[in-house]
Amino acid sequence: MRSFINRQPIWSLIIFIVLAFFVWAIFAAWPPGFEDVFGKKKVFLNAFFNGITLGALYFLVASGFTLIFGLMKNVNLAHGSLYMLGGYIGYGVAVTTGWWLLSFVVAFIVVGLFGIVLQLVVFRRMEGEDLRQTLVTIGISIVLADLMLWIWGGNFYQILAPEWLSGPVKLPLVTALKSNGEAVYLTYPIVRLVIFLGAVVVGVLMWLALNRTRVGMLIRAGVDDRDMLSATGVRIQRVFVLVFAFGAGLAGIAGVVGGTFQSMAPGEDTRFLLASLVVVIVGGMGSIPGAAVGALIIGLAEQFGSVYFPTYAVVLTFLIMVVVLAFRPQGLFGRTR
């Protein structure tokens, strides 16, 4: 952080001003003139929390994608289909058993096993052939989308959260003041907050696993020099199969999360594949902190864009990606090679 401030003092000042504005806008009571420009504070806070919870969902999808694409150099454009498959499987388990938490476990295992099949059958035969991997996984995603449309139809499916996660919770954030001076506090769905905290826990555990464990050391060493690591006797292919399975399983978990506070329907695979690509490009390939920051930026941009200038909300997302590519092509947390 200190080196970034020394190298980019102007950008550091801009980032500090933006963060300070957001902190003030979240916790302070807005003056009347301020609401005339930005609307009601309740709308702003809802957009903010919707943005960070959407960013948590994008992170769960993109973290698996950045493991497979950024670390292992496997171009898996069927990752969005893995997300949608996990959502449908989670819906089926939740409806059949009534256990919401069990749907996460089953989706992770089933989609992870499917990821192992992909790695062994497809990617191991095409190592280093990016164009072939791209074309083949596009074909796989089309086939999977048609199969899921055949099995589940074109309806919208919503995974119901358990009763202990239903309803809103009051947050200590003032949205307005009544005429008698009494504060009005923000209420927000508790299930979204729990999912956000779960994504934070997953991100921290992934970072610790990659940077503080022997398995993480082997993964990073295999990415840098696979032949040298194999010469030491490490079965790097077995390690990569497990990493691919874990990344695919994360996409399955993200599908259950998306089906819980949004819905599952045809076309969601393309949407979340595109979101994963944008998040990884902004954050930096192979970086878990980069995926987290990129997902947060894109999630906030989408929500604030849809509230304050809905016509250009999609343009804002890609504008962020273009700016990052122009000034830092490797991404915010990507490594230069």
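Worth saying up front: this structure is predicted, and the values here are computed from it rather than measured.

Visitor: Outline the environment of D269, listing residues and values.
Guide: Among the secondary structure elements, D269 is positioned in helix α12 (residues 268–283). A relative accessible area of 9% means that D269 is categorised as buried. Taking the C-alpha atoms as reference, D269 lies 34 Å from K41; in sequence the two are 228 residues apart. Apart from the residues within four sequence positions on either side, D269 is in contact with G80, S81, M84 and A145.

Visitor: Before we move on, can you summarise the packing of helix α5 (residues 79–97) against helix α7 (residues 130–152) with the specific residues and values?
Guide: Packed helices, taken two at a time, are described by the angle between their axes plus the distance between the axes. Relative orientation of the contacting elements α5 and α7 amounts to 20°, with a least axis distance of 10 Å. For the element pair α5 / α7, the angle class is roughly parallel. The chirality of how α5 crosses α7 is left-handed. Residues S81, M84, L85 and Y88 of α5 pack against S141, L144, M148 and W152 of α7. In terms of residue class, the contact of α5 with α7 is made up of six nonpolar, two polar and no charged.

Visitor: Tell me about a nonpolar patch on the surface, and please be specific about residues and values.
Guide: Residues V200, V201, V204, L205, W207 and L208 make up a contiguous nonpolar surface patch of roughly 500 Å² in combined accessible area. Along the chain, V201 turns up in helix α8 (residues 190–212). The exposure class assigned to V201 is partly exposed, which follows from its relative accessible area of 48%.

Visitor: Can you explain the side chain of E268? Please cite residues and give values.
Guide: Relative to the elements of secondary structure, E268 occurs in helix α12. When sequence neighbours within four positions are dropped, the list of residues in contact with E268 reads Y83, M84, Q262 and S263.

Visitor: Pulling in residues and values, what's your account of the pattern of salt bridges?
Guide: The full count for this structure, using the stated rule, is two salt bridges. The shortest N-O distance in the salt bridge between R132 and E129 comes to 2.9 Å. A relative accessible area of 42% places R132 in the partly exposed class. Judged by its relative accessible area of 31%, E129 is partly exposed. When the shortest N-O distance is used, the salt bridge between R271 and E268 registers 3.4 Å. Pair noted here: R271 and E268 are both in helix α12, with a separation of three residues, about one helical turn. For R271, a relative accessible area of 32% translates into the label partly exposed. A relative accessible area of 14% places E268 in the buried class.

Thresholds applied
- Residues numbered from 1 in each chain as written.
- Predicted model: local features only at pLDDT ≥ 70, side-chain atom pairs only at ≥ 80, totals over all residues.
- Heavy atoms only, no water.
- Helix = DSSP H or I, 4+ residues; strand = E, 2+ residues; numbered from the N terminus.
- Buried < 20%, exposed > 50% of the residue type's maximum accessible area, 1.4 Å probe, protein only.
- Contact = heavy atoms within 4.5 Å.
- Axes fitted to C-alpha atoms, helices over the stretch in contact; angles between N-to-C directions.
- Parallel < 35°, antiparallel > 145°, perpendicular 65-115°, else oblique.
- Left-handed = near helix turned anticlockwise from the far one by under 90°.
- Nonpolar A, V, L, I, M, F, W, Y, C, P; charged D, E, K, R; others polar.
- Patch = residues over 30% accessible without salt bridge, like charges linked within 9 Å, V, L, I, M, F, W, Y side chains within 5 Å.
- Areas by Shrake-Rupley, 256 points an atom, 1.4 Å probe, with all protein chains shown as cover.
- Salt bridge = Lys/Arg side-chain N within 4 Å of Asp/Glu carboxyl O.

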